[in-house]
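In case you want the letters, here they are:
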Amino acid sequence: MTGFECQTSVNMENELRCRIILQNPTPGVDFGLQKGKGNNFETIQIQKSGGNDLLFEFSLWVKSGTNKSPVFLGPFAQGTPIDRFIYIDIGKCAGQRDSSWSRRLKIPLSGIIPEMIQQLLSDSKLIIETLVAGIGKDGGPNCGTVKPFKGWVVKTLIP
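To keep things clear, this report deals only with the structure shown in the data block.

Definitions and cut-offs
- Residues numbered from 1 in each chain as written.
- Predicted model: local features only at pLDDT ≥ 70, side-chain atom pairs only at ≥ 80, totals over all residues.
- Heavy atoms only, no water.
- Phe/Tyr/Trp six-rings, centres within 6.5 Å; stacked < 30°, edge-to-face > 60°.
- Helix = DSSP H or I, 4+ residues; strand = E, 2+ residues; numbered from the N terminus.
- Buried < 20%, exposed > 50% of the residue type's maximum accessible area, 1.4 Å probe, protein only.
- Salt bridge = Lys/Arg side-chain N within 4 Å of Asp/Glu carboxyl O.
- Pairing = 2+ DSSP bridges.
- Axes fitted to C-alpha atoms, helices over the stretch in contact; angles between N-to-C directions.
- Disulfide = S-S within 2.5 Å.

A look at the packing of aromatic side chains
Scanning all chains against the criterion turns up 3 aromatic pairs. Between phenylalanine 58 and phenylalanine 76, the aromatic rings sit 5.4 Å apart at their centres with planes inclined by 50°, giving tilted as the arrangement. Taken together, the residues phenylalanine 58 in strand 4 (residues 54-64) and phenylalanine 76 in the loop between strand 5 (70-73) and strand 6 (78-80) connect sequence positions 18 residues apart. Residues phenylalanine 58 and phenylalanine 76 agree in their burial class; the two are buried. For the pair phenylalanine 85 and tyrosine 87, a centre-to-centre distance of 4.9 Å together with 75° between the ring planes defines the contact as edge-to-face.

The following block contains the structure:
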């Protein structure tokens, strides 16, 4: 299949399993996945970094938008329909009151192409994954929009 074949409405059949691997983030700092938007959000999967990789797993739903382009939905999808991303909350933003860091990391959903979505929707043993540097240029936790962004890849889940 070359095109993105998905219903225009959202249902469980349109679920995409996702994983973010934050590589070697700043030790002693809390990192968590932002669920919800605006003032109505919570930080979940909070993990204190020991310097090793941190994993965040979540689901997105996808529907066909204008021109059959994918629109990512769900409590983890942030931004406009054509420019969606995921937030990782850091330090005080993740609820760590004694942290000197108060940041968020913006991980784009761009690059998830229709062929990848079709693969994921047709095989429940697949997940989409990205690797992101945990330390920024200033030596603190990586923040802002991930640059350079290596993108997303389809992987097989390990039982």
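Structure's up, so let's keep going.
Concerning the pattern of salt bridges
Applying the stated rule across the entire model yields 5 salt bridges. The salt bridge partner of aspartate 30 is lysine 48, with a shortest N-O separation of 3.0 Å. Taken as a pair, aspartate 30 in strand 2 (residues 30-37) and lysine 48 in strand 3 (residues 40-48) lie far apart in primary sequence, 18 residues in all. One salt bridge connects lysine 155 with glutamate 129, and the closest N-O pair in it is separated by 4.0 Å. One end of the pair, lysine 155, is in strand 11 (residues 153-156); the other, glutamate 129, is in strand 9 (residues 126-133), with 26 residues separating them in the sequence. Several salt bridges converge on common partners, so that one network encompasses Arg19, Glu57, Glu129 and Lys155.

A word on the sheet that holds strand 11
Strand order across the open sheet formed by 5 strands is 5-4-1-9-11, with mixed pairing between neighbours. Each end of this open sheet is capped by a strand with a single partner; those strands are strand 5 and strand 11. Neighbour to neighbour, the strand axes of the sheet diverge by 40° on average, direction disregarded. As paired elements, strand 1 (residues 15-23) and strand 4 share 8 bridges and run antiparallel to each other. What sits directly across from leucine 22, in strand 4, is leucine 54.

Quick word on the state of the cysteines
What we call a disulfide is simply a covalent bond connecting the sulfur atoms of a pair of cysteines. A full pass over the atoms with the stated rule returns 0 disulfides. The closest cysteine sulfur to the non-disulfide-bonded cysteine 143 is located on cysteine 93, 9.8 Å from its own sulfur.

Points about unusual backbone geometry
Put simply, lysine 147 and proline 148 share a cis peptide bond, and its omega is -15°. By the element assignment, proline 148 lies in the loop between strand 10 (144-145) and strand 11. Even without being glycine, asparagine 24 reaches a positive phi, approximately 45°. The backbone of glutamine 45 shows a phi angle near 55°, a positive value even though the residue is not glycine. By the element assignment, glutamine 45 lies in strand 3.

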